[in-house]
Number of protein chains: 2
Amino acid sequence: MNLKELSKNLGLSQTTVSRALNGYPEVSDATRLRVQEAAKAHNYSPSNRAKGLATGRALAIGHVIPVSNRHEMVNPIFGDFIAGAGETYSRRGYEMVLSVVDDENEHKVYESLSSRRAVDGVVVHGPRMGDSRIAHLQKIGLPFAVHGRASGLDSTYTWLDVNNRRAFERATNFLIDLGHRRIAIINGLEVMDFAYRRREGYKSALGANDLPIDPKIMRSGEMTEVFGYESARDMLDDDDAPTAFVCSSLVCALGARRAIEERGLVMGKDVSIVTHDDALSYLQNGRDVPIFTATRSSVREAGRRLAQMLLDQIANPQSPPQQELLEAELMVGSSTGPAPRKD
Amino acid sequence: MNLKELSKNLGLSQTTVSRALNGYPEVSDATRLRVQEAAKAHNYSPSNRAKGLATGRALAIGHVIPVSNRHEMVNPIFGDFIAGAGETYSRRGYEMVLSVVDDENEHKVYESLSSRRAVDGVVVHGPRMGDSRIAHLQKIGLPFAVHGRASGLDSTYTWLDVNNRRAFERATNFLIDLGHRRIAIINGLEVMDFAYRRREGYKSALGANDLPIDPKIMRSGEMTEVFGYESARDMLDDDDAPTAFVCSSLVCALGARRAIEERGLVMGKDVSIVTHDDALSYLQNGRDVPIFTATRSSVREAGRRLAQMLLDQIANPQSPPQQELLEAELMVGSSTGPAPRKD
DNA sequence: ATCGCTTCCCAAAGCGCTTTGGATTTGGCA
DNA sequence: TGCCAAATCCAAAGCGCTTTGGGAAGCGAT
């Protein structure tokens, strides 16, 4: 069923039917109702493709998922973020198109999406420090919104980020207040902006309390369970082992806990952990009581929100870019406790 | 830059330029070369939208992601599966469009994708037993491929599945061979077809060894860490506790391990675990030595493969639907050991 | 009646591509 | 030299929609 058939069916012109369906004021309420009912009855929905051709808008947003081809790593937060963004899109009549791309070809994909007018805008995932994608997108004039930020850029653009620095500063302070003096960090890859900021927050808390910053207990890598495990294991086996960890993800924290327990130590007593928790649906941090003390911020909500910001920007191109900084909440669980006394 | 401009630029007709670029034989090699170079120079790439309108093909595949609106649960395998499928699509010039949808509105989304001709086919995720989506898609004539299968349907369609029954039969037998007599299962939601099949495999192994099938040690639910933990905890605290678990996912297994260790028991000695492992990139089952004994099958590879099967089917609509059954490999890790002696 | 507004509707052009059905040129061969 | 097929190219229609630029009623006021 297409417009032509539908309008013939109704004895109206295509113009009128189109206007009736798109809420233009030039048609009477009676006609509009009649049209809407016929559309529903015939299960008609307009072809996005034709609509896009006619209007110049694609009614689609692109998500370019970089997959590091070295590690074939897919970011675990991706599913939940997409789910959140998808809710917004479907509510506003947009489609989501995904491109999975190894991180070297990203620029080309943006060019192509833009020149083919395949999308009205894109969401940039996993910004790195001074990320070149941002300048590139500004150059080719494709609207975009960044999940996170890129330090070292002075231009303004639309982004939504968690206050990573503050979150890790608070996490570290929380441990310091419990008497911990030797606190390790198990961080994500520090070319990633979020990881850089978290480390800064960690360092700042240590510095403010006159505690030394020791590279020996600062690890960074791809945030897998194994990475969390190996990092924690190595540091715990060292003399001068830390009494506490801050972790960049629940997955890492699970690995760290494995290392702790493998050593016969008790988490929350001998060794404390504070982790960041993205509130992933399949990795809830406990049901009622949090397992881990955590700085928590829902990545799904971030997806919902960032998609809105992008759509708003596309709707009003002249309005200035929006930014939004979410504060993570600190939830106290059973993975932390007072620093063990030295005997 | 569009076709019209490009052809004006070259002093050729749109027809010729279009043919030159699409490899039709009616243009001379010299012209073709000239056209191709001009296209590259002007960074021209045709609008998918217009192309689709003209040809009737969308050059896009839809993935409809059902999100149970009760639990807001996103399947953790989703990211890796998509990454695999995305590789295939970009290699073959297709786009991937995602619709996130609560599980009640799925049928409508298929209708809409189909009637708007937004996609040339769809991938069906998470089939349930006797899944109604399959008949529906057949009815509306939208090509599709299923990740998994739906028991209780006699029609044939394209699918790719892991031999879940066999995998769990082997897992259970492996434990039986180690002397375990009381083996629990922590399964996914058993409306899901894969979970149903896994339970059948588990039961069949028990039955073949004259072991009783006891509903008290058979749990099924959404496969979160917490679910794994709570299930294992409850069963371990029971008298007549199991000495071994088979788990449907690594995430559950992590929860089960937590319960085991919380009770001061040692995994692989007091209690054994065999889990299914989807080989997710961020949840590797150990680096060198597997942590968990596991039945392993890469979900990413499944994505790659299933996308190929769907594209092939779209290219040759008359050829019969393909099926592919992957065998999971059993990898022995350190989570299993001989059944503890009763004293 | 006539005029001037609304109100409601329509015909047709155009978005960027493919494809049909020729038109023109070229080259081989008698 | 003339003819025919092959090789090249082109104009125009059409895919399903939006939108411009009207036109025809309907109605109260003159």
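Residues numbered from 1 in each chain as written. Chains lettered and ligands numbered in written order. Predicted model: local features only at pLDDT ≥ 70, side-chain atom pairs only at ≥ 80, totals over all residues. Heavy atoms only, no water.

### A short note on the interface of chain B and chain A
Stage number 1. Listed as interface residues are 53 residues of chain B and, on the opposing side, 54 residues of chain A.
Stage number 2. The junction of chain B with chain A conceals about 4,700 Å² of combined surface from both sides, 55% of it contributed by carbon and sulfur atoms.
Stage number 3. The largest per-residue losses of area from chain B upon contact with chain A belong to B:Arg49, B:Arg116 and B:Tyr282, which jointly make up 18% of the total buried on that side.
Stage number 4. One can count six salt bridges joining chain B with chain A.
Stage number 5. The partner of A:Glu95 in a salt bridge is B:Arg116, and the shortest N-O contact between them spans 2.9 Å.
Stage number 6. Counting across the interface, chain B meets chain A through 14 residue pairs in polar contact (both at pLDDT 80 or more).
Stage number 7. Looking at the side of chain B that touches chain A, the elements that each hand over two or more residues are α4 (48–55), α5 (78–91), β2 (95–102), α6 (106–115), α10 (225–237), α11 (250–262) and α12 (299–315) of chain B.
Stage number 8. Per-element tally for the side of chain B that touches chain A: the top contributor is α5(B), with seven residues. (Contact = heavy atoms within 4.5 Å. Buried area = accessible area lost by both parts, 1.4 Å probe. Salt bridge = Lys/Arg side-chain N within 4 Å of Asp/Glu carboxyl O. Polar contact = N/O pair within 3.5 Å; in protein donor to acceptor, adjacent residues only side chain to side chain. Helix = DSSP H or I, 4+ residues; strand = E, 2+ residues; numbered from the N terminus.)

### Re the domain arrangement of chain A
Residues and elements named next belong to chain A.
Stage number 1. Domain parsing of chain A yields domain 1 (3–44), domain 2 (60–162 + 301–326) and domain 3 (164–298).
Stage number 2. On a C-alpha basis, the centroid separation for the pair domain 2 and domain 3 is 28 Å.
Stage number 3. Opposite the 18 residues of domain 2 that make contact, domain 3 presents 17 residues.
Stage number 4. In total, about 1,500 Å² of surface goes out of reach between domain 2 and domain 3, with carbon and sulfur atoms giving 50% of it.
Stage number 5. Of all residues in domain 2, the largest losses of buried area upon contact with domain 3 belong to Asp80, Met129 and Val162, amounting jointly to 33% of the total for that side.
Stage number 6. The tally of links from domain 2 across to domain 3 stands at zero salt bridges. (Domains from an automatic or database assignment.)

### Some thoughts on the UniProt feature "domain: HTH lacI-type" (unreviewed entry) in chain A
Stage number 1. UniProt records the feature "domain: HTH lacI-type" (unreviewed entry) at residues 1–55 of chain A, using the numbering of this structure.
Stage number 2. Here residues 1–55 of chain A is 67% helix and 0% strand, with 20 Å between the C-alpha atoms at its ends. (UniProt positions renumbered as here; feature names shortened; annotations may be inferred.)

### Describing the relation of the copies chain B and chain A
Stage number 1. Rotating chain B by 179° and moving it 0.2 Å along the rotation axis overlays it on chain A with an RMSD of 0.5 Å. Both chain copies can therefore be described as sitting about a two-fold axis. Among all C-alpha atoms of chain B, that of B:Val97 lies closest to the rotation axis, at 2.1 Å. (Least-squares fit on C-alpha atoms with pLDDT ≥ 70 in both.)

### Here we look at the sheet that holds strand β10 (residues 293–296) of chain A
Residues and elements named next belong to chain A.
Stage number 1. A sheet is described by the order of its strands in space; here six strands give the open sequence β7-β6-β8-β9-β10-β12, paired in mixed fashion. Because the sheet does not close on itself, it has two edges, and the strands there are β7 (218–220) and β12 (329–331). Pairwise comparison of adjacent strand axes, ignoring direction, gives a mean angle of 15° for this sheet.
Stage number 2. Pairing of strand β8 (residues 244–247) with strand β9 (residues 272–277), which is carried by four bridges, proceeds in the parallel orientation. If you follow Phe245 over to β9, its bridge partner there is Ile273.
Stage number 3. Sheet strands touched by helix α10 (residues 225–237): β6 (183–187), β7 and β8. Its angle to β6, the strand with the most contacts, is close to 155°.
Stage number 4. Helix α11 (residues 250–262) contacts β6, β8 and β9 of the sheet and is inclined by roughly 160° relative to β9. (Pairing = 2+ DSSP bridges. Axes fitted to C-alpha atoms, helices over the stretch in contact; angles between N-to-C directions.)

### Focus: the sheet that holds strand β6 (residues 183–187) of chain B
Within a sheet, neighbouring strands are paired by backbone hydrogen bonds and run either parallel or antiparallel to one another.
All names here are of chain B.
Stage number 1. Here we have six strands laid out as an open sheet, ordered β7-β6-β8-β9-β10-β12, and mixed in their pairing. Every interior strand has two partners, whereas the edge strands, β7 (218–220) and β12 (329–331), have only one. Neighbour to neighbour, the strand axes of the sheet diverge by 15° on average, direction disregarded.
Stage number 2. Pairing of strand β10 (residues 293–296) with β12, which is carried by three bridges, proceeds in the antiparallel orientation. What sits directly across from Arg296, in β12, is Glu329.
Stage number 3. Strands β6, β8 (244–247), β9 (272–277), β10 and β12 of the sheet are contacted by helix α8 (residues 164–177), whose axis makes an angle of about 165° with β8.
Stage number 4. Sheet strands touched by α11: β6, β8 and β9. Its angle to β9, the strand with the most contacts, is close to 160°.

### Digging into the protein's contact with DNA strand D
Stage number 1. Looking at DNA strand D, there are 28 residues lining it, with A:Leu3, A:Ser18, A:Arg19, B:Ser13 and B:Thr15 nearest.
Stage number 2. Backbone atoms, meaning sugar and phosphate, form 60% of the atoms of DNA strand D found within 4 Å of the protein.
Stage number 3. Between DNA strand D and A:Asn22, the relevant distance is 2.9 Å, taken from a phosphate oxygen to a side-chain nitrogen or oxygen of the residue.
Stage number 4. Of all the secondary-structure elements, those providing two or more residues to the surface near DNA strand D are α2 (14–21) and α4 (48–55) of chain A together with α2 (14–22) and α4 of chain B.
Stage number 5. Among the elements that line the surface near DNA strand D, the one with the most residues is α4(A), at five residues.
Stage number 6. The residue makeup of the surface near DNA strand D, split by class, is eleven nonpolar, 13 polar and four charged. (Near = heavy atom within 4 Å. Nonpolar A, V, L, I, M, F, W, Y, C, P; charged D, E, K, R; others polar.)

### Description of the environment of B:Phe168
Residues and elements named next belong to chain B.
Stage number 1. By secondary structure assignment, the location of Phe168 is in helix α8.
Stage number 2. Put simply, Phe168 and Ala328 are 160 residues apart on the chain and 9.5 Å apart in space, counted from C-alpha to C-alpha.
Stage number 3. With residues up to four places along the chain from it excluded, the contact list for Phe168 reads Ile185, Arg198, Gly201, Tyr202, Val246, Cys247, Ser248, His276 and Thr295.

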